[in-house]
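One letter stands for each residue in the lines below.
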Amino acid sequence: MTARDSADILVVGTGFGGAITAYHLAAGGAKVVMLERGPWVASDEFDHDFLLGSSYTRIFDFVVGDGMSVLGGNCVGGGSVVYFAAMPRVPGFVFERRGSLGRRMWPASITRDTLEPWYDRVAESLPITRQDWNDVTYSGGLFAAACAHAGRTANPAPAAIDRDRCTNCNWMMSGCRFDAKRSLLLNYLPAAVAHGAEIRPLHEVQRLSRTPDGYRVHYTHIDGDDYRVTAGEGTIDAKIVVLAAGAGATPVILQRSAAELGTLPPAVGRYFSGNGERLNTAVFDEDRVREVLGLHHPGGAYAASQVGKGPCVTSWDRLDGTLPEFERFTLEQLYFPPGFGTILAQIPGAGGEPTWFGPEKKEMLRRWQSWLTIFTMSEDDNEGVFGPPPPTGNAVRISQQMLGRGSLRYDPTPNTLRGWAAADAEVKDILERDGLATVEPWTNDLVGAYTVHPLASCRIGDDPATSALDDRHELRGHPGIFVTDGSAVPGALTVNPAFTIAALAERAVPGIVRAAQDHGVAVGYGAPAPDGVTSARRAATPLVRDMVGGG
Amino acid sequence: METESPTGAAGRTPTLEAFADTIVPGEKRGPDDRAVAGAAPGPGAVAAGAIALLEMPATGIADALDDYAAALDRHAREHADRRGLDLDGSVPPFVALPFAERTAVVRALTAPDHPEKDLWVLLALFSNMAFDTAAHMHTTEAVEQGHPGLVALGFAPPDDDGLWRFPRFSYRRELASVHPDTDATGSLT
């Protein structure tokens with residue numbers, strides 16, 4: 001039995017790209033339905049628990065590909081529920097990147113300056129705040145002190161975290177139990193619902209087809225405990241479809257739709273970027289931390305890897321626009337819980353084999369509280385390509401939750417490898433100085449490279465050959481289909497991308513409103529921030545006059 | 001993957017234990033322990049509950065464990081043949097291998113060019129998780145019971161309500177100069 005329904009606008013996914021567009025469209029008067037493949041988990045269901053089946057396996061999606069594995073959100077709120085809430089704006093030079101194409105990757109209409117008002121709208125809505133040294137955890141402080149000792153700068157990271165509520169429990173990858181992390185569950189999504197938007201969790205969109213006046217979205221209903229099991233299917237007809245299923249899923253949905261939609265732009269499922277991400281683990285000598293850096297607290301010199309709230313300190317010395325492309329990167333102190341954060345870590349200085357298991361690795365684990373994980377975000381070469389789609393979803397699911405095998409292939413080019421090598425060398429230079437620590441990058445041999453920030457698999461641009469979307473985020477040749485998630489970002493950003501994905505979604509809304517109006521939907525643009533604040537709206541309004549309301 | 005091994009779960013267990021023990025090695029549980037090689041002091045993945053974790057339906061491989069054990073023993077026998085090693089026939093072939101040879105087999109099976117790599121990496125990941133996260137137990141209970149992996153990591157206990165809070169978390173002082181191009185929002189220009 002197939003359920004049938006309709007809406008003005010159907011939004012696929014409830015992360016930044018989906019929640020922001022859904023809020024504005026619902027507030028503007030459209031009937032909006034959002035489909036989310038994952039569960040809708042409330043704050044008091046966010047467990048401090050590693051047990052399989054607790055919130056951290058329910059709300060995550062870990063898809064292993066060939067040469068690249070992708071960690072993403074899988075719940076109402078998407079990436080915002082599982083992310084670390086580090087929210088820097090992208091430095092200006094990134095918008096001028098050319099990659100290997102020999103032309104600007106970003107649309108000419110987008111620069112840091114033109115994106116600034118949209119960043120401001122997001123900053124006001126979540127909100128995002130600049131942190132100070134009193135917010136910086138022991139691990140962040142250790143990284144900052146090591147950077148300073150090596151003659152580098154280090155910044156407290158801007159974050160969407162309510163410091164008064166945060167307990168520094170470091171369980172934020174399982175969802176924030178204390179509502180300190182400003183996920184979309186606390187702003188855009190409840191505001192969208194208040195304006196009549198409907199969120200349907202455990203609905204996995206498989207493909208789109210055409211109707212006389214729009215599109216039909218085909219979904220399956222996913223079992224709430226075993227995501228390999230489906231329980232029924234249905235369709236929803238809509239005049240406008242906003243795809244925001246994440247960069248690991250949006251291109252797969254489109255690939256599966258190609259037979260019915262007709263020829264897709266060649267860039268769908270190509271030019272995937274892992275945001276140039278790479279991880280290093282340092283194991284610190286507590287005595288040297290005290291002697292060389294002069295750090296100590298009531299529990300020791302450092303010995304506090306478990307304490308904190310993800311990344312707090314970031315080093316931006318190599319975000320220098322005068323350096324050659326592919327050699328610019330952020331180094332950010334990070335926390336991954338045991339499991340995710342321990343298995344791929346290699347034994348520093350072992351030299352021999354094996355590097356990631358065995359007696360020496362066990363000894364390394366005994367020093368886990370003295371670990372510091374450093375996260376590189378560099379400029380990769382958009383070398384990821386999606387193969388033929390799996391039968392359903394974005395992966396062949398292996399475990400009941402979280403783990404699957406996908407079709408992404410990623411063979412890092414010499415450009416990407418050069419950036420990673422430069423970043424690894426910089427991490428070593430900073431952290432091994434004067435015997436502070438021993439450092440080794442994570443192995444790429446087991447699950448390939450590893451990204452928590454998939455991007456660019458269905459990107460905006462000015463060149464139809466290399467961008468699937470125009471600069472209004474509309475799928476070329478398929479009017480009424482918009483893509484507003486990380487797949488729309490043209491390439492690696494050298495910083496955490498959530499803020500930019502969100503700002504681009506804010507920027508895309510006026511164009512979607514205009515398209516909906518053209519399709520006969522009674523909808524306007526101009527909602528304030530989800531809590532009613534209007535200052536950022538006032539700044540952005542002049543920018544949309546040409547985009548909405550004229551016709 | 002519903003193949004039933006002639007020996008059943010009890011027969012496969014020593015082989016799977018020997019695999020988990022190669023990933024996170026531990027001390028022998030007693031003088032007659034053959035599966036655990038005794039290659040490292042203190043409890044390892046087996047004592048941490050690797051078999052209990054592998055047998056959870058949530059992993060998605062519980063129904064394939066007989067096949068895993070049979071395949072691992074086949075690889076062990078082939079490895080022994082190549083190396084000219086005599087195996088004690090009273091235990092499964094992988095269990096009969098000395099620790100260094102078990103390690104060599106696991107390295108080969110998880111190497112990037114091995115055709116079965118995905119399967120063996122998966123088994124290694126779950127073996128690791130039994131030690132690093134006790135993913136077969138509620139973490140509060142694992143901490144309370146002194147789970148050997150969480151103890152080895154020095155994983156701090158929760159508050160009385162089962163939630164973690166760290167009221168002391170910061171050195172609370174400026175520890176570096178910020179980048180000169182930092183703007184008012186805290187980002188780079």
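Residues numbered from 1 in each chain as written. Chains lettered and ligands numbered in written order. Predicted model: local features only at pLDDT ≥ 70, side-chain atom pairs only at ≥ 80, totals over all residues. Heavy atoms only, no water.

- With an unreviewed UniProt entry as reference, chain B is termed Regulator, source organism Actinomadura darangshiensis.

- Per an unreviewed UniProt entry, the recorded name for chain A is Cholesterol oxidase, and the organism is Actinomadura darangshiensis.
- Quoted straight from UniProt, the Pathway (unreviewed entry) entry for chain A says "Steroid metabolism; cholesterol degradation." (UniProt positions renumbered as here; feature names shortened; annotations may be inferred.)

### Remarks on the overall build of chain A
Moving on, step 1. If you tally the helices and strands in chain A, you get 12 helices and 19 strands.
Moving on, step 2. Scaling as 2.2 N^0.38, a compact globule of 551 residues should have a C-alpha radius of gyration of about 24 Å, and chain A matches this with 22 Å.
Moving on, step 3. Counting only C-alpha atoms, chain A reaches 70 × 50 × 45 Å along its principal axes.
Moving on, step 4. For chain A, the residues scored as buried account for 68% of the 551 residues in total.
Moving on, step 5. Residue pairs in contact within chain A that sit at least 24 positions apart in sequence constitute 76% of those at least 6 positions apart.
Moving on, step 6. Put simply, chain A shows about 16300 Å² of open surface, and 50% of that area lies on carbon and sulfur atoms.
Moving on, step 7. Computed over 50 positive and 63 negative side-chain charges, the separation of the two mean positions in chain A equals 3 Å. (Helix = DSSP H or I, 4+ residues; strand = E, 2+ residues; numbered from the N terminus. Rg over C-alpha atoms; globule rule 2.2 N^0.38 Å. Buried < 20%, exposed > 50% of the residue type's maximum accessible area, 1.4 Å probe, protein only. Contact = heavy atoms within 4.5 Å. Areas by Shrake-Rupley, 256 points an atom, 1.4 Å probe, with all protein chains shown as cover. Lys, Arg positive; Asp, Glu negative; His and termini not counted. Charge placed at Lys NZ, Arg CZ, Asp CG, Glu CD.)

### Let's talk about the interface of chain A and chain B
For interface size, the figure often reported is the accessible area lost on association.
Moving on, step 1. Taken together, the contact between chain A and chain B spans 72 residues of the former and 71 residues of the latter.
Moving on, step 2. The largest share of the area that chain A buries against chain B comes from A:Leu52, A:Trp133 and A:Lys362, three residues that together contribute 11% of it.
Moving on, step 3. On the surface where chain A and chain B come into contact, there are two salt bridges.
Moving on, step 4. Within the residue set of the side of chain A that touches chain B, elements represented by two or more residues are α5 (138–149), β5 (155–156), α9 (359–365) and β16 (402–410) of chain A.
Moving on, step 5. Looking at the side of chain A that touches chain B element by element, the count peaks at six residues for α5(A). (Buried area = accessible area lost by both parts, 1.4 Å probe. Salt bridge = Lys/Arg side-chain N within 4 Å of Asp/Glu carboxyl O.)

### Topic: the UniProt feature "domain: Glucose-methanol-choline oxidoreductase C-terminal" (unreviewed entry) in chain A
Moving on, step 1. Mapped onto the present numbering, the UniProt feature "domain: Glucose-methanol-choline oxidoreductase C-terminal" (unreviewed entry) falls on residues 408–505 of chain A.
Moving on, step 2. The distance separating the terminal C-alpha atoms of residues 408–505 of chain A is 25 Å; by composition the span is 27% helix and 14% strand.

### A look at α5(A)
Residues and elements named next belong to chain A.
Moving on, step 1. Over its 12 residues, α5 extends 16 Å from the first C-alpha to the last, a length consistent with the 16 Å expected when each residue adds 1.5 Å.
Moving on, step 2. Of all 12 residues in α5, 10 are buried; the element is thus mostly enclosed.
Moving on, step 3. When we look at burial in α5, the residues that qualify are Tyr-138, Ser-139, Gly-140, Gly-141, Leu-142, Phe-143, Ala-144, Ala-145, Ala-146 and Cys-147.
Moving on, step 4. Where the residues of α5 are buried, they touch β10 (277–284), α8 (286–293), β11 (313–315), β12 (330–334), β13 (371–377) and α10 (414–431).
Moving on, step 5. Once α5 finishes, Gly-151 follows within two positions and takes phi at roughly 80°, a positive value. (Expected span 1.5 Å × (residues − 1).)

### Let's talk about the packing of α5(A) against α8(A)
Residue and element names in this part refer to chain A.
Moving on, step 1. Across the interface, α5 lies against α8 with an axial gap of 11 Å and an inter-helix angle of 55°. Between α5 and α8, the angle is such that the two are oblique. As α5 packs across α8, the resulting crossing turns out to be left-handed. In this structure, α5 contributes Leu-142, Ala-145, Ala-146 and His-149 to the contact, and α8 contributes Val-289, Val-292 and Leu-293.
Moving on, step 2. For the contact of α5 with α8, the per-class residue count stands at six nonpolar, one polar and no charged. (Axes fitted to C-alpha atoms, helices over the stretch in contact; angles between N-to-C directions. Parallel < 35°, antiparallel > 145°, perpendicular 65-115°, else oblique. Left-handed = near helix turned anticlockwise from the far one by under 90°. Nonpolar A, V, L, I, M, F, W, Y, C, P; charged D, E, K, R; others polar.)

### Quick notes on the environment of A:Arg405
Moving on, step 1. With respect to the element layout, A:Arg405 can be found in strand β16.
Moving on, step 2. Its relative accessible area of 23% is what places A:Arg405 among the partly exposed residues.
Moving on, step 3. Here the alpha-carbon distance between A:Arg405 and A:Asp66, two residues 339 residues apart in the chain, equals 9.1 Å.
Moving on, step 4. In this structure A:Arg405 touches A:Val63, A:Val64, A:Gly65, A:Asp66, A:Ala395, A:Val396, A:Ile398 and B:Asp118, once residues within four positions along its chain are discounted.
Moving on, step 5. A distance of 3.3 Å separates the side chain of A:Arg405 from the backbone oxygen of A:Val64, its partner in a polar contact. (Polar contact = N/O pair within 3.5 Å; in protein donor to acceptor, adjacent residues only side chain to side chain.)

### Re the side chain of B:Asp183
Moving on, step 1. Mapped onto the fold, B:Asp183 is located in the segment after α9 (148–153).
Moving on, step 2. Judged by its relative accessible area of 17%, B:Asp183 is buried.
Moving on, step 3. Contacts of B:Asp183, omitting those with residues within four sequence positions, involve A:Arg112, A:Arg130, B:Leu188 and B:Thr189.

### With respect to unusual backbone geometry
All names here are of chain A.
Moving on, step 1. The omega angle of the peptide bond from Leu-126 to Pro-127 is -5°, so this bond is cis rather than trans.
Moving on, step 2. Looking at the secondary structure, you find Pro-127 in the loop between α4 (112–125) and α5.
Moving on, step 3. Although it is not a glycine, Asn-275 adopts a positive phi angle of roughly 60°.
Moving on, step 4. Owing to a relative accessible area of 0%, Asn-275 belongs among the buried residues under this scheme.
Moving on, step 5. In the Ramachandran plot, Ala-456 falls in the positive-phi region, its phi being about 75° despite a non-glycine side chain.
Moving on, step 6. Here Ala-456 lies in the loop between β18 (449–451) and β19 (481–483).

### Details of the packing of aromatic side chains
What characterises a pair of aromatic rings is the spacing of the ring centres plus the angle enclosed by the ring planes.
All names here are of chain A.
Moving on, step 1. Applying the stated rule across the entire model yields 27 aromatic pairs over all chains.
Moving on, step 2. Note on Phe-272 and Tyr-410: the rings are 6.5 Å apart at their centroids and 85° apart in plane angle, and the pair reads as edge-to-face. Of this pair, Phe-272 sits in the loop between α7 (250–261) and β10 while Tyr-410 sits in strand β16; the two residues are 138 residues apart in sequence, bridging distant segments of the chain.
Moving on, step 3. Accessibility expressed as a relative area gives 0% for Phe-272, which makes it buried.
Moving on, step 4. Taking relative accessible area as the criterion, Tyr-410 reaches 3% and is therefore assigned buried.
Moving on, step 5. Between the NZ or CZ atom of Arg-459 and the centre of the ring of Tyr-271, over which it lies, the distance is 4.3 Å. (Phe/Tyr/Trp six-rings, centres within 6.5 Å; stacked < 30°, edge-to-face > 60°. Lys NZ or Arg CZ within 6 Å of the ring centre and 35° of its normal.)

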